[in-house]
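Coordinates in review
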Amino acid sequence: MYKTYLCIDLKSFYASVECVEQGLDPFEVNLVVADPTRGGGAITLTASPAIKKLGVSSRGRIFEIDPKIEYMITPSRMHLYMEYSCKVYKVFLEFIAKEDIHVYSIDESFLDVTSYLKLYQISAKELAKKILDRVYEKTGLTATVGIGDNLYLAKIAMDISAKHNVDRMAYLNEELYCQTLWHHTPMTDFWMFGNGTERRLHKLGIYDMYDLCQFPVEILYKEFGVNAEYIIDHAWDKEPTTIQDIKNYKSKHHSISNSQILFDDYSYQNAFVVMKEMVDQNVLTLTEKHLVTRQISLMIGYSKDCIKPSCGSCKITNCTNSYSILLEEFKRLYIRIVNPNYPIRQIAISFQDVKDEYYYENYDLFTDVEKVEREKKLQETLVQIKHRYGKNAILKGMNALDCATAKKRNTLIGGHNAY
């Protein structure tokens, strides 16, 4: 069935919100959103359109900004950005039912407008303009829109084509895609084509989408495995997935993960404290959702240019959400895989293949089940207290150590300042 999709992106979202809040024009003011307390190495979460024209990119570092450029720097306020994102979503609902909206990220959404064009008796571009004008009226934010016959074309129209148009809109169908983008470079401009994928394609002599379409399929599958399917589909502008497919999808396997990049280089001992905090946090998530796990994984990233990350996973005897049991297993894994001679900068943990506690919780003969039950009641109480009074309402002794990070991270959203 013929479909029409919109992909709407809020331009320089965080920076634009900050400008709107201060009564400034993001197209005239040089502004970056970053944490000034982290010094020159702080990441710019976003940059205003005005400063981008001067060569400053989002996701860069403060020290990379030309010192000759005068600019404002403001810390992130994630709670505020979420409020603005909700306002934009409410605007979408004025035109489109929630069943036809897929929120891709805090500043980007897909809309299936197929049935609404006939309802409103207007073109896709006219409907898109009405939505964008309404977003600006309600929030002061400027948006860019891509229009396409499938989700991929809408996304690419927005990412690559719309930014060059005065009205910030672009439309792509199969014919236009081949005419205008088959020879577009770099390939990383295309959705889901990362630097690693591009390097591997270059090794095969593939430098644009046209080259990819002419390349033997068998070799691509040998190089990329099952991922070759979406690479080939996208080269030919195909995307069979619909918004309805996305909403109906239910994963067979679930995991609960947590990762953080540390502010400074951490020693082997101090990084272990942070890992304990992360295990504690994830265990409370298991408890809250009544889930258990019997498989864990750990990744440790070292300071720049040291050695490759250490990774490991293991299956455990018990299927549980007990903090003491899971922490002991992480301790063994930490000792086994982590190199104690190098400074640590990144930690990631995961509880894999989590399952319903009621059906799958079990223990071996050597486990003190009564102790586990007492611990579980304590964990449930902690969840209730944190829900009612905040994550920092009750803390453990380790959270007060100088190297601990949980207390600070509990005030963040997505690793960034909430207010």
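Our subject is the structure listed above.
Scoring rules and cut-offs
- Residues numbered from 1 in each chain as written.
- Predicted model: local features only at pLDDT ≥ 70, side-chain atom pairs only at ≥ 80, totals over all residues.
- Heavy atoms only, no water.
- Helix = DSSP H or I, 4+ residues; strand = E, 2+ residues; numbered from the N terminus.
- Buried < 20%, exposed > 50% of the residue type's maximum accessible area, 1.4 Å probe, protein only.
- Contact = heavy atoms within 4.5 Å.
- Areas by Shrake-Rupley, 256 points an atom, 1.4 Å probe, with all protein chains shown as cover.
- Lys, Arg positive; Asp, Glu negative; His and termini not counted.
- Charge placed at Lys NZ, Arg CZ, Asp CG, Glu CD.
- Pairing = 2+ DSSP bridges.
- Axes fitted to C-alpha atoms, helices over the stretch in contact; angles between N-to-C directions.
- Core = buried A, V, L, I, M, F, W, Y, C linked by side-chain atoms within 4.5 Å.
- Salt bridge = Lys/Arg side-chain N within 4 Å of Asp/Glu carboxyl O.

The helix and strand inventory of the protein stands at 17 helices and 15 strands. Dimensions along the principal axes, computed over C-alpha positions, put the protein at roughly 70 × 55 × 45 Å. Going through the 419 residues of the protein one by one, you find that 47% of them count as buried. Put simply, of all contacts in the protein between residues at least 6 apart along the chain, 66% involve residues at least 24 apart. As displayed, the protein offers around 22,700 Å² of accessible surface, 52% of which is attributable to carbon and sulfur atoms. For the protein, the distance from the average site of its 51 positive side-chain charges to the average site of its 54 negative ones is 4 Å.

Taken in spatial order, the three strands line up as 3-2-4 in an open sheet, and their pairing is mixed. Bordering the open sheet on either side are strand 3 (46-47) and strand 4 (72-74), each of which pairs with just one other strand. In this structure, strand 2 (residues 31-33) lies alongside strand 4, joined through three bridges in parallel fashion. Across the sheet, the residue bridging to valine 32 is isoleucine 73, located in strand 4. Of the strands in this sheet, strand 2, strand 3 and strand 4 touch helix 1 (residues 13-21), which is tilted by about 120° from strand 2.

Take the nonpolar core next. Of all hydrophobic cores here, the largest spans 38 residues; its most connected members are Leu6, Ile8, Leu111, Leu127 and Ile131. Those elements that place two or more of their residues in this core are strand 1 (5-10), helix 1, strand 2, helix 3 (78-95), helix 4 (114-120), helix 5 (124-139) and strand 7 (143-148). For isoleucine 131, the residues in contact, after removing those within four places along its chain, are Leu6, Ile8, Val91, Phe92, Phe95 and Leu111.

Right, let's talk about the pairing of strand 1 for a bit. For strand 1, a buried count of six out of six residues is recorded, marking the element as mostly surrounded by other parts of the structure. Here strand 1 shows a buried face lined by Tyr5, Cys7 and Asp9 and a second buried face lined by Leu6, Ile8 and Leu10. Pairing of strand 1 with strand 7 involves six bridges; the strand directions are antiparallel. Following the sheet pairing, aspartate 9 is matched in strand 7 by threonine 144. As judged from the five bridges shared by strand 1 and strand 6 (residues 108-112), these two strands associate in the antiparallel manner. Within strand 6, the residue paired with aspartate 9 across the bridge is glutamate 108.

Evaluated as defined, the whole model comprises 17 salt bridges. Among the ionic pairs, aspartate 159 bridges to lysine 155, the shortest N-O distance being 3.4 Å. One end of the pair is aspartate 159 and the other is lysine 155, both in helix 6 (residues 151-161) and four residues apart, which spans about a single turn. For aspartate 265, the salt bridge goes to arginine 345, with nearest N and O atoms at 3.1 Å. With aspartate 265 in strand 9 (residues 256-266) and arginine 345 in strand 12 (residues 344-352), the pair connects residues that are 80 residues apart, well separated along the chain. Exposure remark for arginine 345: the relative accessible area of 29% places this residue in the partly exposed category. Here the residues in one salt-bridge network are Glu357, Glu361, Glu373 and Lys376, joined through shared partners.

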